[in-house]
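If you want the building blocks of each chain, they are given just below.
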Amino acid sequence: MAKKENKYKGYDITTQAIHTGTDYDEGTGAVRRPLHMANSYKLPDDLSQVNYSSTDLLMYSRNGNPNQHWLEEKVAALHDADDAIVLGSGVAALHALFWTLLKSGDRVIYPNVSYMAVYRMFHELFNRKFGVETIMVDMTDLDAVKQVITPGTRLVHIETPDNPTNGVTDIKAIAKIAHENGALLSVDNTFASPFNQKPLELGADFVVEALTKFINGHGDAQGGAIISNDLEAMDRIRYEAQVNVGSVISPFNAWQIFRGSVTFPLRMQRINESSQKIAEWLEQRENVTFVSYPGLPSNPGHELAKRQMKNGYGGVISFGVDTDDKTVERFCAALKVVTFAVSLGHDESLIFPQPSYDERINLYPEKFRKGFIRFSVGLEDPDDIIADLDQALKSVGL
């Protein structure tokens, strides 16, 4: 595919979120993009030049659909990027990127703290099934990264802030280390979102966003995106992972996320402000053992976050309480405003305990190994959220 056109380049991200990918509907003049649920499309009369694995020509929904393409324009614009590929979920986007870039014998360096699917792909699947050498390291420790990277390493993958501990990794420094050794750098930007952080501007080659989370923001659609300025690599991802593996997004989910993304910058601004206030309150709350949030000076990555996160520090707070797993569960269940559920980035606040029996618990810093809770701040009034957290903690004796 060609470089995405961005008629609103140079405008504020709030303006781009509203206008990129949007146009009048040719058939009706409607000011909203229609939903096209078709599986197939009319072919040209002359088929001699048709490439049936192409994503340029609308012919079959696995090769792409209009709602997907319009959303790709918007996501690329949010990152000030040349291209974006939108797929069926954040994990589909991660897998598509790794599947396309890696082959047997390649070497990958990935974080010791990462999203579960990344951990599983590299700790269990890519190495065992395909013979990819996978090396886990603390990405917040640049010296540790330098010790394990070798010339010819194919890929370095990071996420920052990381899921679920909120550790902050230096994108620019890791990009330099990766490129000096001939490696590509991919960054999972889901916790930050493009409102707060644009990794391509800091040297990343590829960015992954779980559109399910903050960009959609309504908890009603799954999608993921790969963003890059490398148009040749992006076309290979489309060919290998979208068309020939089938990780395409449905038109309906693409339409829903397109709708949700319009208000993304405004929601993110509110979430940033509320999260900072709630994190500061939690840090002062008795019986809270720690609070990990990049906006707090106590966070080891705070100064770095100030440099690479432009508008705020995101909507996820990790914190701990001095109690056992069952009491943490009772605390979560006692909440009235905050919803006890997995995921993050919704309009409603979500809370999820990270139990002491998690298979990765010993990879986390020690303070995260007991009473650890991941909290995604929503759009409710922050004082209502604080009051709810307080009453639920008191209800279990904390």
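The name an unreviewed UniProt entry assigns to the protein is homocysteine desulfhydrase, from the organism Ruminococcus flavefaciens. Note on the protein: under the UniProt heading Cofactor (unreviewed entry), the record states "pyridoxal 5'-phosphate". Of the protein, the UniProt comment under Sequence similarities (unreviewed entry) reads exactly: "Belongs to the trans-sulfuration enzymes family."

UniProt annotation of "modified residue: N6-(pyridoxal phosphate)lysine" (unreviewed entry) refers to Lys213 when read in the numbering used here. Take Lys213: its relative accessible area is 13%, and that puts it in the buried class. Ignoring sequence-local partners within four residues, the contact set of Lys213 consists of Thr190, Ser343, Leu344 and Gly345.

On to a nonpolar patch on the surface, then. On the surface, a cluster of nonpolar side chains totalling about 360 Å² of accessible area is made up of Leu35, Met37, Phe252 and Trp255. Of note, Phe252 is situated in helix 8 (residues 251-261). With relative accessibility at 37%, the residue Phe252 sits in the partly exposed group.

Time to look at the nonpolar core. Buried together is how nonpolar side chains tend to be arranged in soluble globular proteins. Within the largest apolar cluster, 32 residues are counted, with the highest numbers of intra-cluster contacts made by Ile278, Ile317, Phe319, Phe331, Ile351, Phe375 and Leu389. At the level of elements, helix 9 (264-284), strand 8 (288-292), helix 10 (302-308), strand 9 (316-321), helix 11 (325-333), strand 12 (372-376) and helix 12 (382-395) are the ones that each hand at least two residues to this core. In terms of residues, this core owes the most to one element, helix 12, which gives five residues. Excluding anything up to four places from it in sequence, Phe319 contacts Leu282, Val288, Phe290, Val291, Phe331, Ile351, Gly371, Phe372, Ile373 and Phe375.

If you walk across this open sheet you meet the five strands as 8-9-12-11-10, and the pairing is mixed. Each edge of the open sheet is held by one strand with a lone partner, namely strand 8 and strand 10 (339-340). Judged from the two bridges that link them, strand 10 and strand 11 (residues 350-354) form a sheet pairing that is parallel. From the neighbouring strand, Thr339 faces strand 11, where its bridge partner is Leu350. Across the sheet, helix 9 lies against strand 8, strand 9 and strand 12, angled at about 10° from strand 9, the strand it touches most.

This brings us to the pairing of strand 12. Within strand 12, five of the five residues are buried, which leaves the element mostly enclosed by the surrounding structure. With burial as the criterion, each face of strand 12 is covered, one bearing Phe372, Arg374 and Ser376 and the other bearing Ile373 and Phe375. Pairing of strand 9 with strand 12 involves five bridges; the strand directions are antiparallel. What sits directly across from Ser318, in strand 12, is Arg374. Examined bridge by bridge, strand 11 and strand 12 share five bridges and lie antiparallel to one another. In the strand pairing of strand 12, Phe352 is matched with Arg374.

Inspection of every chain in the model, using the stated rule, returns 21 salt bridges. Between Glu72 and Lys4 there is a salt bridge; the shortest N-O distance is 3.9 Å. Residue Glu72 is located in helix 2 (residues 66-78), and its partner Lys4 is located in the segment before helix 1 (13-19); the two are separated by 68 residues in the primary sequence.

Here we take up the packing of helix 3 (residues 90-101) against helix 7 (residues 231-243). Across the interface, helix 3 lies against helix 7 with an axial gap of 9 Å and an inter-helix angle of 105°. When the axis of helix 3 is compared with that of helix 7, the two are roughly perpendicular. On the side of helix 3, the interface is formed by Ala96, Leu97, Trp99, Thr100 and Leu101, while helix 7 contributes Arg236, Ile237, Glu240 and Ala241. A per-class count over the contact of helix 3 with helix 7 returns six nonpolar, one polar and two charged.

Turning our attention to the pairing of strand 1 (residues 83-87). The element strand 1 is extensively covered by neighbouring structure, given that five of its five residues are classed as buried. Residues Asp83, Ile85 and Leu87 of strand 1 are buried on one face, and the alternating residues Ala84 and Val86, pointing to the opposite face, are buried as well. As defined by bridge partners, strand 1 adjoins strand 7 (residues 224-228) across five bridges and the pair is classed as antiparallel. Opposite Leu87, over in strand 7, you have Gly224 as the bridge partner.

What follows concerns the packing of aromatic side chains. Aromatic ring pairs: the centre-centre distance and the angle between the two ring planes describe each pair. All chains considered together, the criterion is met by 14 aromatic pairs. On the basis of an interplanar angle of 80° and a centroid distance of 6.4 Å, the ring pair of Tyr293 and Tyr313 is categorised as edge-to-face. Residue Tyr293 is located in the loop between strand 8 and helix 10, and its partner Tyr313 is located in the loop between helix 10 and strand 9; the two are separated by 20 residues in the primary sequence. For the pair Tyr293 and Tyr313, one class covers both residues: buried. Chaining the aromatic ring pairs together yields one cluster made of Phe98, Trp99, Tyr110, Phe122, Phe126 and Phe130. Across the ring face of Phe258, the terminal group of Lys74 is positioned such that the distance to the ring centre comes to 4.4 Å.

About the thresholds
Residues numbered from 1 in each chain as written. Predicted model: local features only at pLDDT ≥ 70, side-chain atom pairs only at ≥ 80, totals over all residues. Heavy atoms only, no water. UniProt positions renumbered as here; feature names shortened; annotations may be inferred. Buried < 20%, exposed > 50% of the residue type's maximum accessible area, 1.4 Å probe, protein only. Contact = heavy atoms within 4.5 Å. Patch = residues over 30% accessible without salt bridge, like charges linked within 9 Å, V, L, I, M, F, W, Y side chains within 5 Å. Areas by Shrake-Rupley, 256 points an atom, 1.4 Å probe, with all protein chains shown as cover. Salt bridge = Lys/Arg side-chain N within 4 Å of Asp/Glu carboxyl O. Helix = DSSP H or I, 4+ residues; strand = E, 2+ residues; numbered from the N terminus. Core = buried A, V, L, I, M, F, W, Y, C linked by side-chain atoms within 4.5 Å. Pairing = 2+ DSSP bridges. Axes fitted to C-alpha atoms, helices over the stretch in contact; angles between N-to-C directions. Parallel < 35°, antiparallel > 145°, perpendicular 65-115°, else oblique. Nonpolar A, V, L, I, M, F, W, Y, C, P; charged D, E, K, R; others polar. Phe/Tyr/Trp six-rings, centres within 6.5 Å; stacked < 30°, edge-to-face > 60°. Lys NZ or Arg CZ within 6 Å of the ring centre and 35° of its normal.

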